[in-house]
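Working through the structure, step by step
Residues per chain are reported as follows:
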Amino acid sequence: MSQHDLFSQIDLAHRTDEQRIAQLRAELNAHNTAYYVNDAPSITDAEYDALFRELQALEQQHPKWITLDSPTQRVGGAPLPQFDKVRHAVPMLSLANAFSVGEVQAFDARVREGLGLVNPIEYAVEVKFDGLAINLRYEQGVLVQAATRGDGETGEDVTANVRTIRSIPLRLLGEQVPEVLEVRGEVLMKRADFEHLNQTQMEKGEKLFANPRNAAAGSLRQLDSRITALRQLSFFAYGVGEVSDSAQVFSQISFTRVVAQLRGYGFPVFTANPVVKGVDGLIEFYEQTGRARETLPFDIDGVVYKVNDTTQQEILGFVSRSPRWAIAHKFPAQEMSTTVLEIDVQVGRTGAVTPVARLAPVEVGGVVVTNATLHNADEVARKDVRIGDTVIVRRAGDVIPEVVMSIVEKRPLDARVFVMPNVCPECGSSIEREDGEAVSRCTGGMICPAQLKQSLMHFASRKAMNIDGLGDKLIEQMVDVGLIKTPDDLYRLSTAQLAGLERMAEKSAQNVYDAIQASKSTTLARLIYALGIRHVGEATAKTLAKTYGTLDAVMNANLDDLHTVDDVGPVVAHSIVTFWADARHQDVIKHLVELGVYWDDVAVAEKIATPFTDKTVVLTGTLPTLGREEAKALLEQAGAKVAGSVSKKTDYVIAGAEAGSKLEKAQQLGVAVIDEAQMLAMLNS
Ligand code: IVH
């Protein structure tokens, strides 16, 4: 092979590598657009990764061919010492704001006056993204620079960071691209990405972001672009800056066509940018968008109206820093800052105790807010909200206002930390928080007025005292007018009192009265269930009734006793004991009885002493005739406690075939070992 041939072969190999690189880039960029811009993935993630790695490998072999528009350049690079300043070729202006229909009418009047037109104007309407404005500069179709708005004249060079935003094309799509094109739009973070980011931040013990806008700003203004690459930022285009003269596409047309052209270059644009006529069309769009606001995947803070005809735009021109041809019509703000005057707790109907921030009044989303929920003690700690702090309050849609975060920089020296009280402010009962639960609860049950209504509804329900016709509305009314303070008050009601309630005809008052009287005859299980002891459902109530036979016995059972009852674990036992420990609950029972509530005590299977009474027994190995469960049931009936492991406290080990370590242990400890036959004999003795 001649030297010449050799060179041309190497050259050929390189040429094919070069071609392959170009092909891979084009392919990857197209898949990227399909995925991030059009929301229509064209290949699987694995296939994308394979192409991506092939390109990375080729670029490693030929570093000189790495270009700015290569998809491999989206991963971020070494941290910058600071951002360079960028002077905008065309200033980035801002929009004037309108907050009322009147201001929109005035804007439209100015537009028509400026154009000397009386007929309705054609406006392009868009959402107002709540993010950060950015200018993207493309030369020969390649992204060469990205800059923040800054003061409108000069911004910061955030090119390395912007490259990591997948929905921004590194190279314009299509054949005909202007020599210079600056695209303007908004960088933002979708709400789901924001939640995810804050979750990760929390897990890492790092600072939380107040809202998607702050998160987007914080991520875009990262000196380390590798961090930006990890954050999910989105971009939407809504305009242009400098465009080279030769670019015919952008002259003498409409705004909607500019946007369509941007879409064609591979930029995400939002909505079909409808065009409307006159003020009526604008207001209709405003209202429609306001209703759809919560359903969008990102935050918006209003809508933007732009005169659609670009020639008309030129005629109208600018006044100071804003175009005369556009205006932002803002929604009422969803977030405002204010100060925390106090943190109180509120007791909900299920006893949940919620910390609530009392705020210096502030208007949020058109409503004056003075209280905001802090959810639970963990949330207060996580958000580190203190009394005296300046906080951000958010009110979205119909949800209750919440404290988003505190602004630590503004914390006064005398700010106080919130401590969850240990007694209920409504009724004085203890407040408890179970292990693993975020919520603290008032243990007052029906004594607590906050819980009374709920308790009464439960008390009267079908499976409890079964008071027919005593519905939720009626109960609420009775509590609200002060007729009822504890469940026993139900049995003190007269027909006259009932008839005095709203929407109560004499006939229905009599019916309710009769139902209350009829409920006096009940069962022990129903009564226990009706009391609404936490964790004591219908089944547990029945078991307790069956086990103890009388209410006195249930009330006197201590933790150890309760533990031996089927299905009663430590949590339930604790809850039962705490309930009776409250003298007010005992009073309720006393009054119920005095007022004529009665039930038959349950016949408790008389305890006949057997050789197994109160003995601890362990079963091991395979018994010749009895199954494990059968043997267990027989032993329990005979008063034994069947345990799972052998200890010094074991009285008998009942061993069958292939008994293993338990038998050995019993022998070691000198525990009596018997077989099935012996066991049956003892049972029958
Ligand atoms: S057009 C001449 N359209 O609002 C100004 N701006 O106050 C052209 N913004 O800095 C801006 N959504 O950050 C335009 N659909 C939209 C917008 C929008 C959000 C922001 C942008 C700008 C600010 C103007």
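Below or above, wherever it landed, is the structure these notes cover. (Residues numbered from 1 in each chain as written. Predicted model: local features only at pLDDT ≥ 70, side-chain atom pairs only at ≥ 80, totals over all residues. Heavy atoms only, no water.)

Some remarks on the side chain of Asn-211
Take Asn-211: it is sitting in the loop between helix H5 (191–203) and helix H6 (212–220). Looking at Asn-211, its side chain comes within polar contact range of the main-chain nitrogen of Asn-214, at 2.8 Å. (Helix = DSSP H or I, 4+ residues; strand = E, 2+ residues; numbered from the N terminus. Polar contact = N/O pair within 3.5 Å; in protein donor to acceptor, adjacent residues only side chain to side chain.)

Description of the site of the ligand
Among the 14 residues in the neighbourhood of the ligand, the closest are listed as Leu-95, Glu-126, Glu-186, Tyr-238 and Lys-306. Contacts to the ligand include Leu-95, whose backbone N or O atom sits 3.0 Å from an oxygen atom. Between a nitrogen atom of the ligand and a main-chain N or O atom of Val-127, the distance comes to 3.0 Å. In the complex, the protein chains occlude 86% of the 520 Å² of accessible area that the ligand would expose alone. Among the elements that take part in the shell around the ligand, strand S3 (residues 122–129) stands out by supplying four residues, more than any other. (Near = heavy atom within 4 Å. Areas by Shrake-Rupley, 256 points an atom, 1.4 Å probe, with all protein chains shown as cover.)

Let's talk about the sheet that holds strand S4 (residues 132–139)
As summarised here, the arrangement of the four strands in space is S5-S4-S7-S8, forming an open sheet in which the pairing is antiparallel. Unpaired on one side and paired on the other, strand S5 (142–148) and strand S8 (234–243) mark the two borders of the sheet. On average, each strand axis in the sheet is inclined to that of its neighbour by 30 degrees, with strand direction left out of account. Relative to S5, S4 runs antiparallel, the two being bridged by six bridges. (Pairing = 2+ DSSP bridges. Axes fitted to C-alpha atoms, helices over the stretch in contact; angles between N-to-C directions.)

Focus on empty space enclosed by the protein
Counted under the stated rule, the structure contains four cavities of 30 Å³ or more. Its volume calculated, the largest cavity comes out at about 60 Å³. What lines the largest cavity is a set of 13 residues, and nearest its centre among them are Asn-29, Asn-32, Thr-33, Arg-74 and Pro-169. Here the lining of the largest cavity is built from residues that sort into five nonpolar, five polar and three charged. (1 Å grid on protein atoms, 1.4 Å probe; cavity = no way out; pocket = protein on both sides within 12 Å on 5 of 7 lines; lining within 4 Å. Points joined across faces, edges and corners; volume = space filled by probe spheres on them. Nonpolar A, V, L, I, M, F, W, Y, C, P; charged D, E, K, R; others polar.)

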